[in-house]
Amino acid sequence: MQKHTITAIICLAGALVASAIAGASFLSMRTPDIIVRGPGVTEVKMLSDWFPGIKGTAGDTEVYVMKGADDGESMLVLGGTHPNEPSGHLSAILLIENAIPKTGTLYVIPRANNSGFTVNDPQEGSPQSYTIQTPSGPRWFRYGSRATNPIDQWPDPNVYIHASSGQTLSGSETRNLNRGYPGRPDGTLTEKVCYGIVQLIKQQNVTITVDLHEASPEYPVINAIVAHPKAMQLASDTVLGLEMQDIKISLEPSPVNLRGLSHRELGDFTDTLPLLMETANASQGRLRGRTDAALVLTGKDKWYVRAAKLGRLYVPYDEKGHPIEERVGRHVTAIGEILNSWNLENPDKPIEIENLPGYEDLQTKGVGAYLLPIPAK
Amino acid sequence: MFFIYLAILAVVLALTVWVLFDTKKLSLQVTAAMVIVPLLLRLLMIK
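In this text the structure is predicted, and so the values were computed from the model without any measurement.

Caption draft 1: View of the overall build of chain A. Along chain A, the regular secondary structure elements total nine helices and 13 strands. Its C-alpha atoms give chain A a radius of gyration of 21 Å, within 12% of the compact-globule value 21 Å for 377 residues. When the 377 residues of chain A are sorted by exposure, 51% land in the buried category. Taking as baseline every contact in chain A between residues at least 6 positions apart, the subset at least 24 positions apart corresponds to 72%.

Caption draft 2: Looking closely at the pairing of strand S4 (residues 100-109) of chain A. Residues and elements named next belong to chain A. Within S4, seven of the ten residues are buried, which leaves the element mostly enclosed by the surrounding structure. Relative to S4, strand S2 (residues 62-67) is paired through four bridges, and the arrangement is antiparallel. Residue Met66 lies in a different strand from S4, and its bridge partner there is Leu106. Sheet topology note: the strand S3 (residues 70-78)/S4 ladder contains six bridges and is parallel. Within S4, the residue paired with Met75 across the bridge is Leu106.

Caption draft 3: Layout of the interface of chain A and chain B. The interface is formed by 17 residues belonging to chain A together with 18 residues belonging to chain B. Here the side of chain A that touches chain B is built from residues that sort into eleven nonpolar, six polar and no charged.

Caption draft 4: Region of the structure containing helix H5 (residues 262-269) of chain A. Residues and elements named next belong to chain A. H5 sits mainly inside the fold: six of its eight residues count as buried. When we look at burial in H5, the residues that qualify are Ser262, His263, Arg264, Glu265, Leu266 and Gly267. Against the buried residues of H5 lie S3, helix H3 (189-204), strand S9 (208-215), strand S10 (224-227) and strand S12 (273-280).

Caption draft 5: Spatial organisation of the packing of helix H4 (residues 232-244) of chain A against helix H8 (residues 324-345) of chain A. Residue and element names in this part refer to chain A. At their nearest, the axes of H4 and H8 sit 8 Å apart, and the two run at 120° to each other. Classified by the angle between their axes, H4 and H8 sit oblique to one another. For the pair H4 and H8, the sense of crossing is right-handed. Note on element contacts: H8 touches H4 through Thr333, Ala334, Glu337, Ile338, Asn340, Ser341 and Trp342, opposite Leu234, Asp237, Thr238, Gly241 and Leu242. In terms of residue class, the contact of H4 with H8 is made up of five nonpolar, five polar and two charged.

Caption draft 6: Main features of unusual backbone geometry. Residues and elements named next belong to chain A. Of note, the bond from Trp154 into Pro155 is cis; its omega dihedral lies within 30 degrees of zero at 0°. Tracing the backbone through its elements, the reader meets Pro155 in the loop between strand S6 (137-142) and strand S7 (159-161). In this model, Tyr181 is joined to Pro182 through a cis peptide bond whose omega is 0°. One can find Pro182 in the loop between strand S8 (168-170) and H3. Positive phi, normally seen in glycine, also occurs at Asp246, with a value near 65°. On the secondary structure map, Asp246 appears in the loop between H4 and strand S11 (250-253).

Definitions and limits used
- Residues numbered from 1 in each chain as written.
- Chains lettered and ligands numbered in written order.
- Predicted model: local features only at pLDDT ≥ 70, side-chain atom pairs only at ≥ 80, totals over all residues.
- Helix = DSSP H or I, 4+ residues; strand = E, 2+ residues; numbered from the N terminus.
- Rg over C-alpha atoms; globule rule 2.2 N^0.38 Å.
- Buried ≥ 20, exposed ≤ 12 C-beta atoms within 10 Å, placed from the backbone.
- Contact = placed C-beta atoms within 7 Å.
- Pairing = 2+ DSSP bridges.
- Nonpolar A, V, L, I, M, F, W, Y, C, P; charged D, E, K, R; others polar.
- Axes fitted to C-alpha atoms, helices over the stretch in contact; angles between N-to-C directions.
- Parallel < 35°, antiparallel > 145°, perpendicular 65-115°, else oblique.
- Left-handed = near helix turned anticlockwise from the far one by under 90°.

This is the structure:
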């Protein structure tokens, strides 16, 4: 056998070993984190129950239904629209494991882009998961990609054309769930998931929809509520309620010309009142240093501290960072305030949900204190 | 479109393996081996 043939065999064997090791790591991302059914959960359905077109696909996702004793209005909370924005996913899980609706119905989708939880964004060095200590032991949660897994929707076009408006965006945005609303039944997987969420809202006549996000500290829309014009009264009342609790938050109108986003299209195409909320997440920012699970949980990053001193950020940033307790606390407390505001304006058709973790309690006890033990198999 | 891209991928992977065994330059063989990894993972729809 010639020398170059021997080296070729060695190189090929090396490639196969590297592929096997990397492949095993990538495949492990398809194991979802565990969500425990809390005392308020009455039923767990799938999004395909509202739109069968996604049944059996990676886009189909769990919908936790939490019905109160009395019928009333309803709220839908979307976590994990962008799986690299962990406070949205965790806040949704905290609702599932703690909230007890008294009047009305709460729908929670903790993995709105289920496919996005099965992959990381390339070249970002993101962790595949992060762990939170709870009284019953550690629990891990998935950190995913901003967009649908390319394995599930490939190839990307050069230019993404938003179907209902004709708006053009970068081709990779075709896998961004929050650019695909109102979706299409015969579109891409991402558009089908958007369509499924719209069908849920229409068929259940959902009163309020809250889409939970995070933003890079250098992004202007941060620590903010973005509201469709018809939800502006509700949002402004919520901001006042949060300010009364000394939680600073800005109110942004949904841009008319930025299409495909939940706060725009859900308001235009359904009767729901759509709101989107943002907290500060360094682990998705462009200015960050080392990216690991600690950054996801603490938000501590010396480069962001430096950027803040240079006046480059839209949130205060110091050595304390922006821990997950603060970010989840903002989301959960804001949801409570949205409900308070709704009930003040609509006392005849309230949505009453009890047992929501409080902001101060989350800061002192931590998120783990509100996560339930995983039942033994 | 998906299957067309997959077929293109299979052809590129086959050509890369062919180069790996055809060339006598070690540096090119190592490069080909590195190129094989992402091509193979996508062909198997893992990454």
